[in-house]
Amino acid sequence: MSSDTPNNADNLIAFQGELGAYSHMACRACYPEMEPLPCPSFEDALAAVRNKKARLAMIPIENSTAGRVADIHILLPGSGLYIIGEHFETIRHCLLATKDASEDTLHTVTSHVQALGQCRKNLRAMGLSREPFADTAGSAKHVAALGDNGIAGIASELAAEVYDLKIIKRDLQDEGNNTTRFVVLSRSPLNHEDIDGPVITSFTFEVRNIPAALYKALGGFATNSVNMTKLESYYESDSFKVSEFYADIVGHEGMANVARAMEELRFHTKRVRVFGTYPMERDRGIT
């Protein structure tokens, strides 16, 4: 497919990985009418939207088993993009191999490090050695190209379809509730007035290097009864001196209590970056 024309670009949704990736599945679930645009890296997927080669990007931000997806919190502030939606995708890993392979012929499995970690117990029980690969769907593509019945990949059922591989075992993940949260990114933010129902606002902030800085910065959310559903610290650089925080709250700054909480946050921090206000996915189970 070509993304050289505006009309094509407006119907493209970018994601990191090969066709058949879980991000590809998330794209199909949320935007079945749009064409997927595979990208080698998260940076490339974000750049595709920023440079108007795609309208949207589907990016994983955290997993219920493996935790935060590395680098995403660092990449978002500099991307110039806004979060306009979220999606929770249940991850059902499949062990994929060539048509003539079986559990008895396999000795090695390759996939993304998070997929390998999410299937760690089952892989150990099967006696398979593990080799990291750039992404899940890429590992399936690699296994198909090798044609070796001793090597398997861990990827989605969609990847088995795309690369004509046999599913040796379904639901390989150790935890049955393995879920990845994705965010949808766009060049323009949503207006909260145009959103029906509950919303999430996502932002990052940097606290001042003084005693009780985080306590003071977050106090306004408690006193104003604003539900903070996520708070996570990370380092933006390699200095280990400055902590950044990523947060999700229920509500938007057009609400008086949220506006007061955000005003207090800004007073006690060096900077606040708001990534957007967007509809709350019902799978969150928050009322």
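As a reminder, the structure under discussion sits directly above these lines.
Because the structure is predicted, anything quoted here is derived from the model rather than measured.

**Let's talk about the packing of helix H3 (residues 42-50) against helix H4 (residues 72-79)**
Working step 1: Packing of H3 against H4 leaves a shortest axis separation of 11 Å and a crossing angle of 20 degrees. One element, H3, and the other, H4, form an angle in the roughly parallel class. Crossing of H3 against H4: the hand is right-handed. Where H3 approaches H4, its residues Phe 42, Glu 43, Leu 46 and Arg 50 are matched on the opposing element by Ile 72, Leu 75 and Ser 79.
Working step 2: When the residues that make up the contact of H3 with H4 are grouped by side-chain class, the tally is four nonpolar, one polar and two charged.

**Thoughts on unusual backbone geometry**
Working step 1: Positive phi, normally seen in glycine, also occurs at Asp 164, with a value near 55 degrees.
Working step 2: Here Asp 164 lies in the loop between helix H8 (157-163) and strand S10 (166-169).
Working step 3: The backbone of Ser 225 shows a phi angle near 55 degrees, a positive value even though the residue is not glycine.

**Observations concerning the sheet that holds strand S14 (residues 243-250)**
Working step 1: Spatially, the four strands line up as an open sheet ordered S13-S14-S12-S15, and their pairing is antiparallel. In the strand order of this sheet, the two ends are held by strand S13 (228-235) and strand S15 (269-279), each with one partner. Averaged over all pairs of adjacent strands, the angle between strand axes in this sheet comes to 15 degrees, irrespective of strand direction.
Working step 2: Of the pairings in the sheet, the one linking S13 to S14 comprises seven bridges and is antiparallel in character. Each bridged residue has a counterpart across the sheet, and for Tyr 234 the counterpart in S14 is Glu 244.
Working step 3: Lying on the sheet, H4 is in contact with strand S12 (199-207), S13, S14 and S15; it crosses S13 at an angle near 95 degrees.
Working step 4: Set on the sheet, helix H9 (residues 213-223) makes contact with S12, S13, S14 and S15; between it and S12 the angle comes to about 155 degrees.

**Section: the packing of H9 against helix H10 (residues 256-267)**
Working step 1: Interaxial distance between H9 and H10 falls to 8 Å at its minimum, and their mutual angle equals 175 degrees. In this view, H9 runs roughly antiparallel relative to H10, as classed from their interaxial angle. Seen from H9, the contacting residues are Lys 216, Ala 217, Gly 219, Gly 220 and Phe 221; seen from H10, they are Ala 261, Met 262, Glu 264 and Leu 265.
Working step 2: Taken together, the residues of the contact of H9 with H10 break down into five nonpolar, two polar and two charged.

**Observations concerning the pairing of strand S11 (residues 179-186)**
Working step 1: A large share of S11 lies buried, amounting to seven of its eight residues.
Working step 2: The pairing of strand S5 (residues 82-90) with S11 spans eight bridges and is classified as antiparallel. Considered in S11, the bridge of Tyr 82 is made with Ser 186.

**Regarding the layout of surface pockets**
Working step 1: Computed from the structure, the largest pocket encloses a volume of approximately 420 Å³.
Working step 2: Around the largest pocket, the lining comprises 22 residues; the ones closest to its centre are Gln 16, Phe 42, Pro 60, His 112 and Gln 114.
Working step 3: At the level of elements, helix H2 (22-30), strand S3 (56-63), helix H5 (113-118) and S11 are the ones that each hand at least two residues to the lining of the largest pocket.
Working step 4: For the lining of the largest pocket, the element with the most residues is H5, which contributes three residues.

**Points about the sheet that holds strand S7 (residues 108-111)**
Working step 1: Pairing within the open sheet is mixed, and its five strands lie in the order S8-S7-S9-S6-S10. Strands with a single pairing partner mark the edges of an open sheet, and in this sheet they are strand S8 (129-132) and S10. Across the sheet, the axes of successive neighbouring strands diverge by a mean angle of 35 degrees, strand direction being ignored.
Working step 2: The pairing of S7 with strand S9 (residues 151-155) spans three bridges and is parallel. Following the sheet pairing, Thr 110 is matched in S9 by Gly 153.
Working step 3: Strands in contact with helix H7 (residues 136-146) are strand S6 (94-97), S7 and S9; relative to S9, the strand with the most contacts, it is inclined by about 155 degrees.

Scoring rules and cut-offs
- Residues numbered from 1 in each chain as written.
- Predicted model: local features only at pLDDT ≥ 70, side-chain atom pairs only at ≥ 80, totals over all residues.
- Heavy atoms only, no water.
- Axes fitted to C-alpha atoms, helices over the stretch in contact; angles between N-to-C directions.
- Helix = DSSP H or I, 4+ residues; strand = E, 2+ residues; numbered from the N terminus.
- Parallel < 35°, antiparallel > 145°, perpendicular 65-115°, else oblique.
- Left-handed = near helix turned anticlockwise from the far one by under 90°.
- Contact = heavy atoms within 4.5 Å.
- Nonpolar A, V, L, I, M, F, W, Y, C, P; charged D, E, K, R; others polar.
- Pairing = 2+ DSSP bridges.
- Buried < 20%, exposed > 50% of the residue type's maximum accessible area, 1.4 Å probe, protein only.
- 1 Å grid on protein atoms, 1.4 Å probe; cavity = no way out; pocket = protein on both sides within 12 Å on 5 of 7 lines; lining within 4 Å.
- Points joined across faces, edges and corners; volume = space filled by probe spheres on them.

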